[in-house]
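Descriptive analysis of the structure
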Amino acid sequence: MERTTSPPPREFEWRLPRSPRSVGRARSLLAGQARDWKVPDDVADTAVLLLSELMTNAVRHGRVPAGREVEARCVLGGGVLRVEVADASDALPCPRSAGPDDESGRGLALVELLADGWGARPRPYGIGKAVWFELTLPGAEADGPPPGDGGSPR
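Below, the structure is looked at part by part. In this text, all values refer to a predicted model and were calculated from it rather than measured experimentally.

Structural notes on the packing of helix H1 (residues 21-36) against helix H2 (residues 41-61)
- Taken N-terminus to C-terminus, the directions of H1 and H2 make an angle of 155°; their axes are 9 Å apart at the nearest point. If you check the angle between H1 and H2, you find them roughly antiparallel. Every pair of crossing elements has a handedness; the one defined by H1 and H2 is right-handed. Residues Ser-22, Val-23, Ala-26, Arg-27, Leu-30, Ala-31 and Ala-34 of H1 touch H2, and the partners they reach there are Ala-44, Ala-47, Val-48, Leu-51, Ser-52, Met-55, Thr-56 and Val-59.
- Its residues assigned to classes, the contact of H1 with H2 comprises 11 nonpolar, 3 polar and 1 charged.

Concerning the packing of aromatic side chains
- As enumerated under the stated definition, the model contains 1 aromatic pair in all.
- Measuring from centroid to centroid gives 5.0 Å for Phe-12 and Trp-14, while their planes differ by 45°, and the two rings are tilted.
- A relative accessible area of 23% means that Phe-12 is categorised as partly exposed.
- Lying across the ring of Trp-132, Arg-82 places its NZ or CZ 4.0 Å from the centre.

Topic: the nonpolar core
- By size, the foremost hydrophobic cluster in this structure holds 33 residues, and its most contacted members are Trp-14, Leu-30, Leu-51, Met-55, Val-85 and Phe-133.
- Counting only elements with at least two residues in this core, the list comes to strand S1 (10-17), H1, H2, strand S2 (69-77), strand S3 (80-87), helix H3 (107-114) and strand S5 (129-136).
- Among residues more than four places away in sequence, those in contact with Trp-14 are Ala-26, Leu-29, Leu-30, Leu-51, Val-70, Glu-71, Ala-72 and Cys-74.

Examining the sheet that holds strand S4 (residues 117-122)
- One open sheet accounts for 5 strands, arranged S1-S2-S3-S5-S4; its pairing is antiparallel. Of all strands in the sheet, those bounded by a partner on one side alone are S1 and S4. Taking each pair of neighbouring strands and ignoring which way they run, the sheet shows an average axis angle of 15°.
- In the packing of H2 onto the sheet, contacts are made with S1, S2, S3 and S5, and the angle to S5 comes to roughly 165°.

Here is what the cut-offs are and how they apply
- Residues numbered from 1 in each chain as written.
- Predicted model: local features only at pLDDT ≥ 70, side-chain atom pairs only at ≥ 80, totals over all residues.
- Heavy atoms only, no water.
- Axes fitted to C-alpha atoms, helices over the stretch in contact; angles between N-to-C directions.
- Helix = DSSP H or I, 4+ residues; strand = E, 2+ residues; numbered from the N terminus.
- Parallel < 35°, antiparallel > 145°, perpendicular 65-115°, else oblique.
- Left-handed = near helix turned anticlockwise from the far one by under 90°.
- Contact = heavy atoms within 4.5 Å.
- Nonpolar A, V, L, I, M, F, W, Y, C, P; charged D, E, K, R; others polar.
- Phe/Tyr/Trp six-rings, centres within 6.5 Å; stacked < 30°, edge-to-face > 60°.
- Buried < 20%, exposed > 50% of the residue type's maximum accessible area, 1.4 Å probe, protein only.
- Lys NZ or Arg CZ within 6 Å of the ring centre and 35° of its normal.
- Core = buried A, V, L, I, M, F, W, Y, C linked by side-chain atoms within 4.5 Å.
- Pairing = 2+ DSSP bridges.

Okay, structure coming up:
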């Protein structure tokens, strides 16, 4: 019997300063990587939108000492694109209900609505937390093991 092995998941990660300008940089980095990986445009667009929400939360709410960075990690495997954002704040995110006149508070609701799965956890072996989401590629055949259970941006 012939055995085929799936390629390992593809990974890409980066660190950016905890600054509002890093949100746009992160969007550009993910959009470029998604193109390189040939992720379908609709999935890539959703991933960029959701990454923007997680990065904005990390920049806005990650009250930590100056010099700490925000780390993002993308993993493509098993027909799933997983994106994680880690920061040095220990406070886990909590979705909230934004009123019609509120100018913020909808980011995690978008993540919950558009992602196939999402969550948050304390970072192992480090300070802070990681927040992640997963998007399934339409019609994708398993091309490797799924990205995992929240493997860390370290």
